[in-house]
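# Coordinates in review
Residues per chain are reported as follows:
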Amino acid sequence: MAAVTAHQTTQKTLGTANAAGGPGSTAAAGETDAAAAGHLAAFDAAVAADERIEPRDWMPDAYRATLIRQMAQHAHSEIIGMQPEANWITRAPSLRRKAILMAKVQDEAGHGLYLYSAAETLGTSREELLDKLHAGRQRYSSIFNYPTLTWADVGAIGWLVDGAAITNQVPLCRCSYGPYARAMVRICKEESFHQRQGYELLLALSRGTEAQHAMAQDAVNRWWWPSLMMFGPPDDASSHSEQSMAWKIKRHSNDELRRRFVDICVPQAEALGLDLPDPDIRWNEELGSHDFGAIDWSEFQEVLKGNGPCNEQRITQRRRAHEEGAWVREAAAAYATKHAPAQTSPRTPASASASASASASASASAQNSASAQHVEETA
Amino acid sequence: MSAALALGDDALVLSHRLGEWAGHAPVLEEEVALANIALDLLGQARVLLSLAGDEDELAYLREERAFRNLQLVEQPNGDFAHTIARQLYFSVYQHLLYGRLAAGDGEFAGLAAKAVKEVAYHRDHAEQWVLRLGDGTEESHRRMQSGLDALWRFTGEMFQPVEGLDSPESGVDRQALESGWLAAVTDVVERATLTLPTGPRSGGWAAGAGRQGLHTEPFGRMIAEMQHLHRSHPGASW
């Protein structure tokens, strides 16, 4: 699951700009004002012409910082987002559902990997970004601060949360930064598969026993409003989106995407036989779109501040997994150093374990992983 | 169909244990790898259990005493080294067993031919980690040795005959399997600068018990968690 919110793209902390200092940074010593102006003109022209900015291209520091922040938050959302769903792996009620859920949670880990790697092209490192997450200096999507209380929540997350994420993310496939845009193409394919799996899970419950139907309705009631909040604050309260729009990192406003999402969900809820918990939803002939009720932004702000039901639990589990895994990463690094072939630099723990994992990855994706199937299905 | 149950339950139970790692792995690559191995095993379990009956009825509605898996695979995850020790012992065994089944012309030959490719990767994954942890830092060496030692007593059961599996046409020769396993495990352990455990591997409570439906206490809690939702809605479809 991936849920970068529009709100996250607009946060003000620009602190990583110079620390990032990649190959295209303006920090290059001795650059003249004229050369800098030339770089900026070339950058602006490339963005205006819808060309991709690539890692070695010159880019403004603030553009780099905005991207690092957004991609890091997106990556963090993927790995924190594993928790609420992994909560149900050991209790999945059929072996088929268990396989689907495990494959989905695994996909999220994979998305985290692509996104951290894409962020690394901007001159940061996964380690640095994880440290910031663990220290509370970077965010993840607030939606994951809600608990998965029943099996139906797995379906509601797929249908609504992944659905909202896709609505947000499809435009990111055209993001001006090349590595991010390309990562998003693959991620969106997988997310759309997750969304359909969630829908299908809810459909089975809705058409099942009375207790199953009630479980599905309860989950939709709890996840609907938080899903709408994933698009970020209303446009009139989101003054920081403007720069991201100009840079073509972001392409549609929060309210525009939110409305698009509601329009998609209303007929789907009808087909599911489930109600959306908003008595004010009605068709607006003039707009050719649905109107809907007022969102309780005070709840959003509280969760954002850390007062959601699971903020503490999520970050504590993440830190614990990281701390408890430290000796494993250290061992991999020590082994790699001892066994590094002469004249090559020692591998990092991440690359050492990546080579170990690659073999296992190849195995399952060749056979029963839903990841392998859905890429084909949506290609 | 006790052989299908024995092999199917091994895969089902180990897959479940590996699934418990989701969100807790030491590095992101291992989130992907452990989930992949769990998915491979779950896929094998579904095919095998379907040979013996309805996969969900067998997984969710049997009592603890009716499961035929090895006690080794039901052991709790422990730390990462403990999980890797379990992976090494089981995946070397499974790789050798499935290799033999694939070469024979028994009823599992087709399934084994497909699964052996997956299991080869599981074995490689386990071996690479045993090497890294054994020959990594002092702490990882100590933890890896401790994992190998703790699970050693559960390894004898793998070489007890299984009804319906050890027929002449199946290609399984338990003695050859055991000597092959011992040679392979010894090789990895020594290359990892570790010591092969010396305690008893068979006899007493441990030997053959899981195959007879005698499990260890943590297994009861594991299947209670696995089965509770399914059992809470009798007759429901999911």
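### Overview of the overall build of chain A
Helix and strand counts for chain A stand at 15 helices and two strands. When burial is assessed residue by residue, chain A has 58% of its 379 residues classed as buried. For chain A, the computed accessible surface area is about 14900 Å², with 54% contributed by carbon and sulfur atoms.

### Points about the overall build of chain B
When its secondary structure is counted, chain B shows nine helices and zero strands. Shown N-terminal to C-terminal, the secondary structure of chain B runs as helices and strands in the order α-α-α-α-α-α-α-α-α. Since a compact globule built from 238 residues should have a radius of gyration of about 18 Å, the 17 Å found for chain B is in line with a globular shape. In chain B, buried positions account for 62% of the 238 residues. Long-range pairs, those at least 24 residues apart, make up 80% of the contacts in chain B between residues at least 6 apart in sequence. When the accessible surface of chain B is totalled, it reaches about 8400 Å², and 51% of it is carbon and sulfur.

### Observations concerning unusual backbone geometry
Even without a glycine there, the phi angle at Lys248 of chain A is positive, about 60°. Position of Lys248 of chain A relative to the elements: it lies in the loop between helix 9 (241-246) and helix 10 (254-272). Its identity as a non-glycine residue notwithstanding, Thr193 of chain B has a phi of 60°, on the positive side. Inspection of the secondary structure puts Thr193 of chain B in the loop between helix 8 (174-191) and helix 9 (217-232).

### Side note on the confidence of the model for chain A
Residue and element names in this part refer to chain A. Confidence in the prediction for chain A averages 85 pLDDT; 82% of positions are at 70 or higher. Within chain A, helix 8 (residues 210-229) carries the highest mean pLDDT (98), whereas helix 15 (residues 370-378) carries the lowest (35). Low pLDDT, under 50, characterises residues 1-27; the predicted model gives this stretch 95 contacts beyond four residues in sequence or across chains. Across residues 348-379, where pLDDT falls below 50, the model places 68 contacts with residues more than four positions away in sequence or in other chains.

### Re helix 2 (residues 28-52) of chain B
Residue and element names in this part refer to chain B. Here helix 2 contains 25 residues, and its C-alpha end-to-end distance of 36 Å stays within 8% of the 36 Å for a straight helix at 1.5 Å per residue. Taking burial as the measure, the 25 residues of helix 2 include 20 buried ones, the bulk of the element. After helix 2 finishes, the residue Gly53 shows a positive phi value of roughly 160°.

### Section: the pattern of salt bridges
Scanning the model with the defined rule gives 26 salt bridges over all chains in all. Between Lys104 of chain A and Glu85 of chain A there is a salt bridge, with the nearest N and O atoms lying 2.5 Å from each other. In this pair, Lys104 of chain A sits in helix 4 (residues 95-120) while Glu85 of chain A sits in helix 3 (residues 61-86), placing the two residues 19 residues apart along the sequence. Residues Glu55 of chain B and Arg46 of chain B are paired through a salt bridge, measuring 3.1 Å at the closest nitrogen-oxygen approach. Here Glu55 of chain B falls in the buried class, since its relative accessible area comes to 14%. Residue class for Arg46 of chain B comes out partly exposed when judged on its relative accessible area of 24%.

### Quick notes on the interface of chain A and chain B
Contact with chain A, which involves 61 residues of that partner, is made by 59 residues of chain B. It is Thr90, Leu95 and Trp327 of chain A that lose the most area in chain A upon contact with chain B, and together they represent 15% of the buried surface on that side. At the junction of chain A and chain B, the tally comes to two salt bridges. Across the pair Asp135 of chain B and Lys338 of chain A runs a salt bridge, and its minimum N-O distance is 3.1 Å.

### Quick look at the packing of helix 8 of chain A against helix 10 of chain A
Residue and element names in this part refer to chain A. Axis separation between helix 8 and helix 10 bottoms out at 10 Å; the angle between their running directions is 150°. As summarised for this structure, helix 8 and helix 10 are arranged roughly antiparallel, according to the angle between their axes. Taking contact as the criterion, the partners of Trp224, Ser227, Leu228 and Met229 in helix 8 are, on helix 10, Arg258, Phe261, Val262 and Cys265. Among the residues making up the contact of helix 8 with helix 10, the classes are represented as six nonpolar, one polar and one charged.

### Side note on the nonpolar core
Core analysis: the largest hydrophobic core is formed by 174 residues, its most contacted members being Trp151, Tyr177 and Trp224 of chain A. With near-sequence residues (within four places) excluded, Trp151 of chain A lies in contact with Trp88, Ala92, Pro93, Arg97, Leu101, Leu201, Leu205 and Met215 of chain A together with Leu229 and Trp238 of chain B.

### Regarding the environment of Gln44 of chain B
Residues and elements named next belong to chain B. Of note, Gln44 is situated in helix 2. On the basis of relative accessible area, Gln44 is assigned to the buried category, the value being 3%. Filtering out sequence-adjacent residues up to four positions away, Gln44 remains in contact with Ala11, Gln94, Tyr98, Ala115, Glu118, Val119 and His122.

### Thoughts on the confidence of the model for chain B
Taken residue by residue, chain B gives an average pLDDT of 94. The fraction at 70 or more is 97%. Predicted complex, confidence summary: ipTM 0.97, pTM 0.89.

### Some words on the packing of aromatic side chains
For the coordinates displayed, the defined rule picks out 18 aromatic pairs over all chains. Summarising the aromatic geometry, the rings of Tyr89 of chain B and Trp181 of chain B are spaced 5.7 Å apart at their centres and angled 50° between planes, so their arrangement reads as tilted. Placement of Tyr89 of chain B in helix 5 (residues 80-103) and of Trp181 of chain B in helix 8 is noted, with a sequence separation of 92 residues between them. Since its relative accessible area comes to 0%, Tyr89 of chain B is described here as buried. Trp181 of chain B gets classed as buried once you look at its relative accessible area, which sits at 0%. The lysine or arginine in question, Arg91 of chain A, covers the ring of Trp88 of chain A, its NZ or CZ lying 3.7 Å from the ring centre. Taking NZ or CZ as reference, Arg62 of chain B lies 4.2 Å from the ring centre of Phe67 of chain B, over its face.

### Considering the packing of helix 3 of chain A against helix 12 (residues 311-324) of chain A
All names here are of chain A. Relative orientation of the contacting elements helix 3 and helix 12 amounts to 110°, with a least axis distance of 10 Å. It follows from the interaxial angle that helix 3 and helix 12 lie roughly perpendicular. The way helix 3 lies across helix 12 gives a crossing that is right-handed. On helix 12, the residues that touch Ile79, Ile80, Gln83 and Pro84 of helix 3 are Gln313, Arg314, Gln317 and Arg318.

About the cut-offs
- Residues numbered from 1 in each chain as written.
- Chains lettered and ligands numbered in written order.
- Predicted model: local features only at pLDDT ≥ 70, side-chain atom pairs only at ≥ 80, totals over all residues.
- Heavy atoms only, no water.
- Helix = DSSP H or I, 4+ residues; strand = E, 2+ residues; numbered from the N terminus.
- Buried < 20%, exposed > 50% of the residue type's maximum accessible area, 1.4 Å probe, protein only.
- Areas by Shrake-Rupley, 256 points an atom, 1.4 Å probe, with all protein chains shown as cover.
- Rg over C-alpha atoms; globule rule 2.2 N^0.38 Å.
- Contact = heavy atoms within 4.5 Å.
- pLDDT = per-residue confidence, 0-100.
- Expected span 1.5 Å × (residues − 1).
- Salt bridge = Lys/Arg side-chain N within 4 Å of Asp/Glu carboxyl O.
- Buried area = accessible area lost by both parts, 1.4 Å probe.
- Axes fitted to C-alpha atoms, helices over the stretch in contact; angles between N-to-C directions.
- Parallel < 35°, antiparallel > 145°, perpendicular 65-115°, else oblique.
- Nonpolar A, V, L, I, M, F, W, Y, C, P; charged D, E, K, R; others polar.
- Core = buried A, V, L, I, M, F, W, Y, C linked by side-chain atoms within 4.5 Å.
- Phe/Tyr/Trp six-rings, centres within 6.5 Å; stacked < 30°, edge-to-face > 60°.
- Lys NZ or Arg CZ within 6 Å of the ring centre and 35° of its normal.
- Left-handed = near helix turned anticlockwise from the far one by under 90°.

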